[in-house]
2 protein chains.
Amino acid sequence: MKIVLDAFGGDNAPLEILKGAEMAVKELGVEILLSGDAEAIGKCAGENGISLAHMDILHAPDILTMHDEPGEVIKSKANSSLAVGLKALAEEQGDAFVSAGSTGAVVVGATFIVKRIKGVKRAALASFIPAKNGHFLLLDIGANAECRPEMLVQFAVMASVYMKKVQGLENPTVGLLNIGAEETKGGDLQRQTYALLQKAPVNFIGNAEARDIPAGFCDIVVTDGFTGNVVLKLTEGVAGTMFGMVKEIFKANFKSKIAASMVMPGLKGLKSKMDYATIGGAPLMGIRKPVIKAHGSSNALAIKNAVRQAKLSVEGDVIGAISADLSKMAEAKQSEQQ
Amino acid sequence: MKIVLDAFGGDNAPLEILKGAEMAVKELGVEILLSGDAEAIGKCAGENGISLAHMDILHAPDILTMHDEPGEVIKSKANSSLAVGLKALAEEQGDAFVSAGSTGAVVVGATFIVKRIKGVKRAALASFIPAKNGHFLLLDIGANAECRPEMLVQFAVMASVYMKKVQGLENPTVGLLNIGAEETKGGDLQRQTYALLQKAPVNFIGNAEARDIPAGFCDIVVTDGFTGNVVLKLTEGVAGTMFGMVKEIFKANFKSKIAASMVMPGLKGLKSKMDYATIGGAPLMGIRKPVIKAHGSSNALAIKNAVRQAKLSVEGDVIGAISADLSKMAEAKQSEQQ
């Protein structure tokens with residue numbers, strides 16, 4: 001299996017990307033196709049003693065920066081590491097793609113270069129959010145600020161496939177993010193989506209209130225990209241602020257510093273639960289090949305974990321299963337209308 | 001000054017409401033007009049040794065339950081403690097109103113019985129959300145699941161008045177909840193509201209990202225009622241889940257239990273920061289008289305604090321100031337169009 005990896009995406013590129021690639025080759029047994037400036041990759045690997053065994057390089061002279069508009073990936077930055085990597089994926093030079101680059105550019109690039117699965121209205125970006133006992137998968141987290149009900153239903157179907165095939169959950173539960181449990185709650189989007197989800201081939205368990213999702217109310221939370229992005233960032237913000245406050249309590253005086261040392265392993269475990277590097281990347285769903293968006297500040301571990309997700313997506317034939325489920329839904333809808 | 005108080009609203013009515021009323025009379029020097037079943041109020045006060053000095057009772061035989069639709073407050077439940085109290089407010093028998101009853105019913109009842117301030121498109125419910133150094137005011141938190149840009153601008157104006165007059169902030173900062181800092185981010189609602197807020201008579205400091213608001217990015221966060229409700233409940237959910245996790249770490253073994261005892265005062269302080277009883281009630285903005293919605297599970301302290309907010313709203317003439325600011329805005333708009 002060959003994973004295409006954007007060597008120049010993210011805050012810590014190319015060093016951490018190359019280190020992550022080396023880890024992935026060793027631990028996961030995959031081959032890596034690096035996209036990026038060939039000379040710079042060779043130089044970075046050489047200087048840092050990174051082996052490029054089982055890796056090939058696709059030369060891409062341009063770098064897409066955070067200041068570039070997402071659309072530039074298919075215009076002025078068509079020779080960037082991101083665009084060149086996605087083109088290689090579209091041309092079947094690799095089985096899946098990983099980038100820690102700009103989210104918007106990954107979404108636009110994948111949609112226009114690799115293209116959507118037949119029948120998929122919009123690609124959605126999903127993210128694992130830490131909850132009490134594990135994580136839940138939230139989507140869309142920002143690819144589509146405004147959504148229609150049919151889009152949310154497709155998101156639910158695609159995420160269910162992902163949780164089955166990649167996470168190994170037998171019958172993942174789906175909740176619709178809403179401001180109350182009753183099906184009449186929320187706006188038009190929520191009420192119409194609720195009705196559609198009841199008939200969809202997913203394990204829909206009803207509305208999920210924001211208060212309950214951190215406790216692990218369901219495996220998949222479906223919402224529009226605006227609200228999803230707010231949930232993602234607010235969870236991070238509240239947890240971060242609370243960690244900061246707890247830290248201040250522990251740093252207050254001599255006695256509290258001793259107390260801190262006594263519970264340090266537990267606190268470290270809690271912190272690592274919230275760490276994106278162990279959680280993994282965000283799968284972009286609805287594209288013809290598996291695409292994983294790693295966190296912008298990914299270190300080597302995060303990159304390796306994103307490559308693992310890509311590998312599992314290929315092995316589980318996530319794309320084939322999504323395609324099959326959406327076809328079945330379309331057929332059912334058609335026979336219903338006849 | 002006389003505050004109308006719904007004696008039968010909330011999970012702990014009437015006992016905690018009456019206790020809170022007694023505290024308010026003693027500590028705040030207000031008079032209280034209790035709405036509710038007169039016999040039950042007398043009995044509860046007598047059995048619990050609560051003095052009803054400086055209080056009058058408005059008999060209201062019916063009780064509005066959480067199972068009643070909000071609209072019933074002006075239909076089949078027009079003799080409920082909530083409806084009778086709001087009617088008394090509309091008829092100027094009191095200066096402000098406090099209820100811990102159903103949020104939906106308070107919004108509907110206040111809107112139809114007391115009515116909106118001239119020019120106000122929709123009443124909005126605001127809530128104080130704990131942040132790193134104090135609290136920020138978030139609105140709308142659920143009175144209007146779907147909003148138009150002009151509504152959000154009015155929310156910003158009303159909340160600014162409240163923060164000035166009741167909280168004593170000189171020039172409260174306003175942020176528009178959005179999924180990025182740039183003014184092009186978000187959907188139509190956010191982009192249009194951004195443009196309008198730049199011209200509005202408020203201290204608008206731009207888009208507020210969900211990641212930054214718990215750290216105290218701005219004093220007022222404006223958003224639609226759907227997103228606001230999600231932010232309110234998710235903050236509660238994430239904080240609650242994290243408290244639970246920290247508690248488990250401290251309960252793990254003998255050593256961690258000792259550590260817990262060493263930092264207990266600090267942890268208690270953190271917990272009380274997140275406690276609605278000390279934070280106070282949610283002001284319903286845009287109604288002709290001050291209306292405060294106390295938390296459904298309010299205890300006596302929370303009720304007293306909600307009465308204090310009502311008192312400060314009257315003393316600061318919040319309604320007069322909102323009315324004046326909205327008139328000025330309407331005039332400015334008119335002269336702009338001429």
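Residues numbered from 1 in each chain as written. Chains lettered and ligands numbered in written order. Predicted model: local features only at pLDDT ≥ 70, side-chain atom pairs only at ≥ 80, totals over all residues. Heavy atoms only, no water.

1. Structural notes on the overall build of chain A
Convention followed: Numbered from the N terminus, helices here are DSSP runs of H or I no shorter than four residues, and strands are runs of E no shorter than two. The size measure is the radius of gyration over C-alpha atoms, and the globule rule it meets is 2.2 Å times the number of residues to the 0.38 power. Relative accessibility thresholds used throughout: buried, under 20% of the residue-type maximum; exposed, over 50%; partly exposed, between the two (1.4 Å probe, protein chains only). Pairs of residues are marked as contacts when any of their non-hydrogen atoms sit within 4.5 Å.
Across its full length, chain A carries 11 helices and 11 strands. Relative to a compact globule of 338 residues, whose C-alpha radius of gyration would be 20 Å, chain A shows 21 Å and is just as compact. Taken along its principal axes, the extent of the C-alpha atoms in chain A is 65 × 60 × 35 Å. Of all 338 residues assigned to chain A, the portion counted as buried reaches 56%. Excluding contacts between residues fewer than 6 apart, the proportion of contacts in chain A whose partners are at least 24 apart in sequence is 70%.

2. Section: the relation of the copies chain A and chain B
Inclusion rule: We place the copies in one frame by least squares, fitting the C-alpha atoms of every residue whose pLDDT is at least 70 in both.
Between the two copies, chain A and chain B, the superposition gives an RMSD of 0.0 Å; the rotation angle is 180° and the shift along the axis is 0.0 Å. Such a combination of rotation and displacement between the chain copies is what one expects of a two-fold axis. For chain A, the residue whose C-alpha comes nearest the rotation axis is A:Ala259, separated from it by 2.2 Å. When the interface residues of chain A are mapped onto chain B, 100% of them again fall at the interface, so both copies present the same face.

3. Regarding the nonpolar core
We apply this condition: Grouping buried Ala, Val, Leu, Ile, Met, Phe, Trp, Tyr and Cys residues that are joined through side-chain atoms within 4.5 Å yields what is termed a nonpolar core.
With 112 residues, the main nonpolar core has A:Phe250, A:Leu284, B:Phe250 and B:Leu284 as its most contacted residues. Ignoring sequence-local partners within four residues, the contact set of A:Phe250 consists of A:Ser256, A:Lys257, A:Ala259, A:Ala260, A:Val263, A:Leu267, B:Phe250 and B:Val263.

4. Some thoughts on a positive patch on the surface
Worth spelling out the cut-off: Surface patches are drawn from residues lacking salt bridges whose relative accessible area is over 30%; two like charges belong together within 9 Å, two nonpolar side chains (Val, Leu, Ile, Met, Phe, Trp, Tyr) within 5 Å. Residue-level accessible areas treat just the shown protein chains as cover; the underlying method is Shrake-Rupley with a 1.4 Å probe. Salt bridge, as applied in this entry: a Lys or Arg side-chain nitrogen positioned within 4 Å of an Asp or Glu carboxyl oxygen. Lys and Arg are tallied as positive, Asp and Glu as negative. Neither His nor the chain termini are counted. Here the site of a charge means NZ on Lys, CZ on Arg, CG on Asp, or CD on Glu.
Residues A:Arg116, A:Lys121, A:Arg122, A:Arg148, A:Lys199 and A:Lys333 make up a contiguous surface patch of positive charge. Along the chain, A:Lys199 falls in helix H6 (residues 188–199).

5. Quick notes on the sheet that holds strand E7 (residues 173–178) of chain A
Residues and elements named next belong to chain A. Basically, it comes down to this: Should DSSP find at least two bridges between two strands, the strands are regarded as paired. In this analysis, axes come from line fits to C-alpha atoms, helices being fitted only over the stretch in contact, and the angle between any two N-to-C directions falls in the range 0 to 180 degrees.
A sheet is described by the order of its strands in space; here 11 strands give the open sequence E3-E2-E1-E4-E11-E10-E5-E6-E9-E7-E8, paired in mixed fashion. What marks the edges here is a single partner per strand, and that holds for strand E3 (55–59) and strand E8 (203–209). Put simply, the sheet's adjacent strands are angled 30° from each other on average, direction ignored. Pairing between strand E1 (residues 2–6) and strand E2 (residues 31–36): 5 bridges, direction parallel. Paired with Leu5 across the bridge in E2 is Leu34.

6. Description of helix H10 (residues 300–315) of chain B
Residues and elements named next belong to chain B. The line we're drawing: The span expected for a helix works out to 1.5 Å for each residue beyond the first.
An ideal rise of 1.5 Å per residue puts 22 Å on 16 residues; H10 measures up with 23 Å between its terminal C-alpha atoms. For H10, every residue scored as buried is listed here: Ala300, Ala302, Ile303, Lys304, Asn305, Ala306, Val307, Gln309, Ala310, Lys311 and Ser313. Count one or two residues on from H10 and you reach Asp317, which has phi positive near 45°.

7. Re the sheet that holds strand E7 (residues 173–178) of chain B
All names here are of chain B. If you walk across this open sheet you meet the 11 strands as E3-E2-E1-E4-E11-E10-E5-E6-E9-E7-E8, and the pairing is mixed. A single partner strand is all that each edge strand has here, and the edge strands are strand E3 (55–59) and strand E8 (203–209). Each strand axis lies, on average, 30° off the axis of its neighbour in the sheet, ignoring direction. Judged from the 5 bridges that link them, E7 and E8 form a sheet pairing that is parallel. Opposite Val174, over in E8, you have Phe204 as the bridge partner. Packed onto the sheet, helix H5 (residues 149–165) meets strand E5 (124–131), strand E6 (134–139), E7, strand E9 (220–222), strand E10 (282–285) and strand E11 (291–293) and runs at close to 165° relative to E9. Where H10 meets the sheet, its contacts fall on strand E1 (2–6), strand E2 (31–36), strand E4 (96–99), E5, E10 and E11, and the angle it forms with E4 comes to roughly 160°.

8. What to know about the packing of helix H8 (residues 254–273) of chain A against helix H8 (residues 254–273) of chain B
Rule in force here: Oblique is the label for every angle not falling under 35 degrees (roughly parallel), over 145 degrees (roughly antiparallel), or within 65 to 115 degrees (roughly perpendicular). Note on convention: the crossing is left-handed when the near helix lies turned anticlockwise from the far helix by less than a right angle, right-handed when the turn is clockwise. Gly counts as polar in this scheme, as do all residues outside two lists: the nonpolar Ala, Val, Leu, Ile, Met, Phe, Trp, Tyr, Cys and Pro, and the charged Asp, Glu, Lys and Arg.
Between H8(A) and H8(B), the least distance of the axes is 8 Å, while the angle of their chain directions is 150°. In terms of orientation, H8(A) lies roughly antiparallel with respect to H8(B). Two packed elements cross with a definite hand, and for H8(A) against H8(B) that hand is left-handed. Along the contact surface, H8(A) presents A:Lys255, A:Ser256, A:Ile258, A:Ala259, A:Met262 and A:Val263, while H8(B) presents B:Lys255, B:Ser256, B:Ile258, B:Ala259, B:Met262 and B:Val263. Classifying every residue of the contact of H8(A) with H8(B) gives 8 nonpolar, 2 polar and 2 charged.

9. Some remarks on the side chain of B:Lys289
Residues and elements named next belong to chain B. By the element assignment, Lys289 lies in the loop between E10 and E11. Judged by its relative accessible area of 16%, Lys289 is buried. If we skip the residues at most four places from it in the chain, Lys289 touches Leu89, Glu92, Gly94, Asp95, Val114 and Ile319.

10. Topic: the interface of chain A and chain B
Interface size is often expressed as the accessible area that is lost when the parts come together. We apply this condition: Here the quantity called buried area is the total loss of accessible area, with a 1.4 Å probe, experienced by two parts when brought into contact, counted for both. Side-chain atoms alone can form a polar contact between residues adjacent in sequence; in general such a contact is a pair of N or O atoms within 3.5 Å, and within protein one must be able to donate a hydrogen while the other accepts it.
Tallying the contact residues gives 48 residues for chain A and 48 residues for chain B. For the pair chain A and chain B, the summed buried surface comes to about 4400 Å²; carbon and sulfur atoms form 79% of the total. Where chain A meets chain B, there are 4 salt bridges. Between A:Glu209 and B:Lys233 there is a salt bridge, with the nearest N and O atoms lying 2.6 Å from each other. Where chain A touches chain B, the interface holds 6 residue pairs in polar contact (both at pLDDT 80 or more). Looking at the side of chain A that touches chain B, the elements that each hand over two or more residues are E7, H6, helix H7 (225–251) and H8 of chain A. Broken down by element, the side of chain A that touches chain B gets its largest block of residues, 20 residues, from H7(A).

11. Some words on the packing of aromatic side chains
All names here are of chain A. Rules: Each pair of aromatic rings taken from Phe, Tyr and Trp, with Trp reduced to its six-membered ring, is defined by centres within 6.5 Å and is described as stacked if the planes are under 30 degrees apart, edge-to-face if over 60, and tilted in the remaining cases.
Tallied over the full model, the rule gives 5 aromatic pairs over all chains. Judged by centre distance (6.3 Å) and plane angle (45°), the rings of Phe128 and Tyr162 are tilted. Pair noted here: Phe128 is in strand E5 (residues 124–131) and Tyr162 is in helix H5 (residues 149–165), with a separation of 34 residues, a long-range link.

12. Quick notes on the environment of A:Asp317
The topology assignment puts A:Asp317 in the loop between helix H10 (300–315) and helix H11 (318–337). Distance from A:Asp317 to A:Tyr162, taken between C-alpha atoms, is 9.5 Å for residues 155 residues apart in sequence.

13. Things to note about the packing of helix H1 (residues 15–28) of chain A against H10(A)
Residues and elements named next belong to chain A. The N-to-C vectors of H1 and H10 enclose an angle of 50°; their axes lie 7 Å apart at closest approach. Classified by the angle their axes make, H1 and H10 are oblique. When you trace H1 past H10, the crossing you get is right-handed. For the pair H1 and H10, contact is made by Glu16, Ile17, Lys19, Gly20, Ala21, Met23, Ala24, Glu27 and Leu28 and by Ala300, Leu301, Ile303, Lys304, Val307, Arg308 and Lys311, respectively. Residues of the contact of H1 with H10, tallied by class, amount to 9 nonpolar, 1 polar and 6 charged.

14. Quick word on H5(A)
Across its 17 residues, H5(A) extends 25 Å between first and last C-alpha, which sits within 8% of the 24 Å expected from 1.5 Å per residue. Burial analysis of H5(A) places 14 of its 17 residues in the buried class, which makes it a mostly covered element.

15. Looking at the state of the cysteines
Which entries qualify depends on this criterion: Any two cysteine sulfur atoms lying within 2.5 Å of each other are counted as a disulfide.
Following the criterion strictly, the structure yields 0 disulfides over all chains and no others. Cysteine A:Cys218 is unpaired, with the sulfur of A:Cys147 as its nearest cysteine sulfur at 17 Å.

16. Digging into the environment of A:Asp219
Residues and elements named next belong to chain A. Topologically, Asp219 is positioned in the loop between E8 and strand E9 (220–222). Exposure remark for Asp219: the relative accessible area of 22% places this residue in the partly exposed category. In sequence terms Asp219 and Met163 are 56 residues apart; their C-alpha atoms lie 8.1 Å from each other. Contact partners of Asp219, with chain neighbours within four places excluded, come to Phe136, Leu137, Met163, Leu169, Pro172 and Thr173.

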